[in-house]
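Overview (structure and organization)
If you want the building blocks of each chain, they are given just below.
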Amino acid sequence: MKFANPLYLLIFLLLLAFVYAYRNIINKKAFKPYISFSRINLLENNGARFKENLLNLLKILKYLALILIIIAVARPQRGKVFEQSNDQGIDIIMALDTSTSMRSIDFKPLNRMEVAKKVTQEFIKVRKYDKIGLVIFSGLAFTQCPLTTDKDSLVEFVKNINIGDTGLDGTAIGSAIMTSVNRLKDSQAKSKVLILVTDGNNNMGEIDPITASKIAQEYGIKIYTIGVGSLEGAIYEIPDPFFGTREFRTTQDAINEDVLKEISRNTEGEYFRAQDTKSFENIMKQIDKLEKYEIKVTQFIKYNELYKYFLIPAFILLLLIIVLDNTYLRKLP
């Protein structure tokens, strides 16, 4: 919070000093009227003590009203910062595998899908000036969110991803690449990037991943591929009639690293292997560092006036003081 007229705060201090001096020094020497009583017990039960306390409270309210008025006159303001990029950032598509194998719990305590969602959200939040879109795939691929600068909405889309959202199980890596290419090919950004996260081998779709990567390269799209899963294979929880659930390990859904490496190599990108949560987070940090360039940003600050939040209570207090001064707490003479 700032004050548009901070000079009035200095006036406020001087005024308070004057009021204090007047009430405690000058006014004490003034003549005080009094009435003689022969017996003071006549006043013991007439509520004088309560009124005296109210009068003291009234003095405090007068000071408080004065303070609020001075603060209002000083025009308190709260600013909201707006930033406008003078340059276009990097356009990024996040393609996340939502096949059944992403249920594997080898990334304990979370499964692969939950870890992928977590690190993707963190990555989106740090890419402040870039447009980012979201593609999900398993046996089919489709756009969950087009390129956008609305990071809050995009994070919500990521949070709501579930395994099996595409309606067809499998791993269509080629389809995921082509769906992403369709979102990026007409972009005017200086750099176009696809980050593809998968834990399986391409076994679905109408186009093979290598061909799709060559098409991406023609449009200047760089692909970073991330193979998700431990080298020991996937771990699933399965129902057990005696123990409730038990863990089952399989190497059947092994990642075809050669294909993922070739996809990245064809587009001048890189391949990474995430074997646990920490390595996955480090990979996203590496990609964040690799895809950086300087952007000129203009900053605007919009100030909202806050004086009414001080002036209205001050008027209410003044009204209360006037009413009490002229009715219940009226003094004679």
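Note: the structure precedes this text.
The following refers to the structure shown.

Cut-offs used in this document
- Numbers given for residues are sequential positions, taken from 1 along each chain in its written order.
- For this predicted model, a pLDDT threshold of at least 70 governs which residues receive local features, and a threshold of 80 or more governs which side-chain atom pairs are given and counted, while totals over whole chains, interfaces and linings are taken from all residues.
- Computation of side-chain values: all heavy atoms of the structure, hydrogens and water removed.
- For two strands to be treated as a pair, DSSP must find no fewer than two bridges joining them.
- Runs of H or I in DSSP of at least four residues are treated as helices and runs of E of at least two as strands, each being numbered from the N terminus.
- Definition of nonpolar core: a set of buried residues of the types Ala, Val, Leu, Ile, Met, Phe, Trp, Tyr and Cys, connected through side-chain atoms within 4.5 Å.
- Categorising residues by exposure relies on relative accessible area from a 1.4 Å probe, with only protein chains included: less than 20% of the type maximum marks a residue as buried, more than 50% marks it as exposed, and the intermediate range marks it as partly exposed.
- Note on contacts: a residue pair is in contact if any heavy atoms of the two residues lie within 4.5 Å.
- Axes here mean lines fitted to C-alpha atoms, for a helix over just the part in contact, with angles spanning 0 to 180 degrees between N-to-C directions.
- By definition in this entry, angles of less than 35 degrees are roughly parallel, angles greater than 145 are roughly antiparallel, angles of 65 to 115 are roughly perpendicular, and the rest are oblique.
- For any pair of crossing helices, the crossing counts as left-handed if the nearer helix is rotated counterclockwise from the farther one by less than a right angle, and right-handed if it is rotated clockwise.
- Under the scheme applied here, ten amino acids are nonpolar (Ala, Val, Leu, Ile, Met, Phe, Trp, Tyr, Cys and Pro), four are charged (Asp, Glu, Lys and Arg), and all others, including Gly, are polar.

**Quick word on the pairing of strand β5 (residues 141-148)**
In the sheet, strand β4 (residues 131-137) pairs with β5 via five bridges, with the strands oriented antiparallel. Within the sheet, the bridge partner assigned to Ile136 lies in β5 and is Phe142. What sits between the antiparallel neighbours β4 and β5 is a turn of three residues.

**Considerations on unusual backbone geometry**
Omega for the bond connecting Lys108 with Pro109 falls within 30 degrees of zero, at 10°, which places this linkage in the cis form. Residue position: Pro109 is located in the loop between β3 (91-97) and α3 (112-126). Of note in the backbone geometry, Arg75 takes a positive phi value of approximately 55° without being a glycine. Here Glu268, not a glycine, exhibits a phi torsion of approximately 65°, which is positive. By secondary structure assignment, the location of Glu268 is in the loop between α7 (257-266) and β10 (271-274).

**Points about the nonpolar core**
Core analysis: the largest hydrophobic core is formed by 33 residues, its most contacted members being Leu134, Ile195, Ile226, Phe280 and Ile287. Those elements that place two or more of their residues in this core are β3, α3, β4, α4 (151-159), β6 (192-198), β7 (221-228), β10 and α8 (277-290). The contact partners of Leu134, leaving out residues within four places of it in the chain, are Ile93, Met94, Leu96, Thr143, Gln144, Cys145, Leu154, Phe157, Val158 and Ile161. By size, the runner-up hydrophobic cluster in this structure holds 22 residues, among which are Ala95, Val135, Val181 and Val259.

**Examining the packing of α3 against α8**
Packed helices, taken two at a time, are described by their axes: the angle between them and the distance between them. The interhelical angle for the contact between α3 and α8, taken along N-to-C directions, is 25°, at an axis separation of 10 Å. Classified by the interaxial angle, the pair formed by α3 and α8 is roughly parallel. Our pair here, α3 against α8, has a crossing hand that is right-handed. Contacts between α3 and α8 involve Val115, Ala116, Lys118, Val119, Glu122, Phe123 and Val126 from the former and Thr277, Phe280, Glu281, Met284, Ile287 and Asp288 from the latter. A class-by-class count of the residues in the contact of α3 with α8 yields eight nonpolar, one polar and four charged.

Interpretation note: all reported values are geometric properties and have no functional meaning in isolation.
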